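Here's the letter readout for the chains.
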Amino acid sequence: MQQKLLVVDDEESIVTLLQYNLEQAGFDVSVAMTGKQAVEKAEAEPFDLIVLDVMLPEMDGLEVCKSLRGSKIMTPILMLTAKDDEFDKVLGLELGADDYLTKPFSPREVVARVRAILRRAVSERALPTKSEEPEKLLLGEVEIYPENYEVYYHGEQIELTPKEFELLIYLMNHKGRALTREQLLNAVWNYDFVGDTRIVDVHISHLRDKIEPNSKKPVFIKTVRGLGYKLETADKYE
């Protein structure tokens, strides 16, 4: 069964280029030319991934991303930006995007990024068979079910983006080890964002907001000054 993508861009030439190359790669591609159309289509039917331009009429890509995440639509989002601007990139990630590309880009790179994101999403969301008990990881009052792609805090389910979830699982699997930002980039994003370690900081901040008793004084995800981060199991927390 073909995986369904939604391509959102107001430049017809870009839409045509992306649609052609993604369909040649075997994807079922729908398109939207405005932010409003993107939200309407994403709310009306499920997609496996959304390729979303930042500069759009009616609603820009950042507003679209915020709207979808606010509606609990957790479809992976690959953002496109014409600006080589860290603010746009970081803000997009803060609003729930999973990855970004700066224009100009090659169609081959877009296809490669899309495939990488989808591989991770399929792997993360694979459900166990009915006869199996789902694996559970514990971190204080946080319960993590990797196979079900679910996280609970004090018994209530919390929403993580695919990247936040993957980062949390990686930290859990390397508990007690100091990990550099570069290690986390390579492990979670599968390629090297040269000079873009701020991406890791953004996602760590989001995780702290969602799983720490006090995100300003984290007891689980510790900062290792001058290096990166380390996940610890705290015996006491408030």
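Note that this is a predicted model, so its numbers are computed, not measured. (Residues numbered from 1 in each chain as written. Predicted model: local features only at pLDDT ≥ 70, side-chain atom pairs only at ≥ 80, totals over all residues. Heavy atoms only, no water.)

Novice: An account of the overall build of the protein chain is requested, with residue identities and associated values reported.
Specialist: Helices and strands together make up the secondary structure of the protein chain, namely 8 helices and 12 strands. In the protein chain, which comprises 238 residues, the proportion classed as buried is 48%. Sequence-distant contacts in the protein chain: of pairs separated by 6 or more residues, those separated by 24 or more amount to 55%. As presented, the protein chain carries roughly 12000 Å² of accessible surface, and 47% of it is formed by carbon and sulfur atoms. (Helix = DSSP H or I, 4+ residues; strand = E, 2+ residues; numbered from the N terminus. Buried < 20%, exposed > 50% of the residue type's maximum accessible area, 1.4 Å probe, protein only. Contact = heavy atoms within 4.5 Å. Areas by Shrake-Rupley, 256 points an atom, 1.4 Å probe, with all protein chains shown as cover.)

Novice: Now, about the pattern of salt bridges: what can you tell me, with residues and values included?
Specialist: Tallying each qualifying case throughout the model produces 10 salt bridges. Note that Glu45 is salt-bridged to Lys4, the shortest N-O span being 2.5 Å. Linking Glu45 in the loop between α2 (35-44) and β3 (49-53) with Lys4 in strand β1 (residues 4-8), this pair joins segments that are 41 residues apart in sequence. Looking at Lys4, the relative accessible area reads 23%, which means it is partly exposed. Taking the shortest distance from any N to any O, the salt bridge between Glu232 and Lys230 comes out at 3.3 Å. A residue is classified by how much of its surface remains accessible, and Lys230, at 22% relative accessible area, is partly exposed. Within the structure, one salt-bridge network assembled from shared partners comprises Asp9, Glu11, Asp53 and Lys103. (Salt bridge = Lys/Arg side-chain N within 4 Å of Asp/Glu carboxyl O.)

Novice: Account for the packing of aromatic side chains, naming residues and giving values.
Specialist: The tally for this structure, following the rule as stated, stands at 1 aromatic pair. On the numbers, 6.0 Å between centres and 90° between planes, the contact of Tyr145 with Tyr152 is edge-to-face. What makes Tyr145 buried here is its relative accessible area of 15%. (Phe/Tyr/Trp six-rings, centres within 6.5 Å; stacked < 30°, edge-to-face > 60°.)

Novice: Describe the sheet that holds strand β7 (residues 142-145), with residues and values.
Specialist: A sheet is described by the order of its strands in space; here 4 strands give the open sequence β6-β7-β8-β9, paired in antiparallel fashion. Of all strands in the sheet, those with a lone pairing partner are β6 (137-139) and β9 (156-158), marking the two edges. Neighbouring strand axes in the sheet, compared pairwise and without regard to direction, differ in orientation by 30° on average. Across 4 bridges, the pairing between β7 and strand β8 (residues 150-153) is antiparallel. When the bridges of β8 are listed, Val142 appears paired with Tyr153. Packing against the sheet, helix α6 (residues 162-173) makes contact with β6, β7 and β8, and its axis sits at approximately 105° to β7. (Pairing = 2+ DSSP bridges. Axes fitted to C-alpha atoms, helices over the stretch in contact; angles between N-to-C directions.)

Novice: Kindly report on the sheet that holds strand β2 (residues 28-32), identifying the contributing residues and their values.
Specialist: Strands sit in the order β2-β1-β3-β4-β5 across an open sheet of 5 strands; the sheet is parallel. Each edge of the sheet is formed by a strand with only one pairing partner; in this case those strands are β2 and β5 (99-102). Across the sheet, the mean angle from the axis of one strand to that of its neighbour is 20°, orientation sign disregarded. Bridge count between strand β4 (residues 77-81) and β5: 4 bridges; the pairing is parallel. Among the inter-strand pairings, Leu78 is bridged to a residue of β5, identified as Asp99. In this fold helix α1 (residues 12-24) packs onto β1, β2, β3 and β4, with an angle of close to 165° to the strand it touches most, β2.

Novice: Describe the confidence of the model for the protein chain, with residues and values.
Specialist: Here the protein chain averages 84 in pLDDT, and 87% of its residues register 70 or above. Low pLDDT (under 50) marks residues 127-131, which in the prediction has 5 contacts with non-local residues, meaning those over four places away or in another chain. (pLDDT = per-residue confidence, 0-100.)

Novice: Outline the pairing of β8, supporting the account with residue identities and numerical values.
Specialist: Connecting β7 to the next strand, β8, in antiparallel fashion are 4 residues, including Tyr149 with a positive phi near 55°. Counting the residues that bridge the hairpin from β8 to β9 gives 2 residues, and of these His154 lies at a positive phi of roughly 55°.

Novice: Go over the nonpolar core, please, and point to the residues and values.
Specialist: Nonpolar side chains tend toward joint burial in soluble globular proteins. By size, the foremost hydrophobic cluster in this structure holds 52 residues, and its most contacted members are Leu52, Ile144, Leu168, Leu171 and Ile221. If we skip the residues at most four places from it in the chain, Leu52 touches Val8, Gly61, Val64, Cys65, Ile77, Leu78, Met79 and Leu80. Residues Ile14, Leu49, Leu78 and Phe105 belong to the second largest nonpolar core, which totals 18 residues. (Core = buried A, V, L, I, M, F, W, Y, C linked by side-chain atoms within 4.5 Å.)

Novice: How would you explain the environment of Met74 if you had to name every residue and give the values?
Specialist: Position of Met74 among the secondary structure elements: in the loop between α3 (61-70) and β4. Take Met74: its relative accessible area is 14%, and that puts it in the buried class. Put simply, Met74 and Asp48 are 26 residues apart on the chain and 9.7 Å apart in space, counted from C-alpha to C-alpha.

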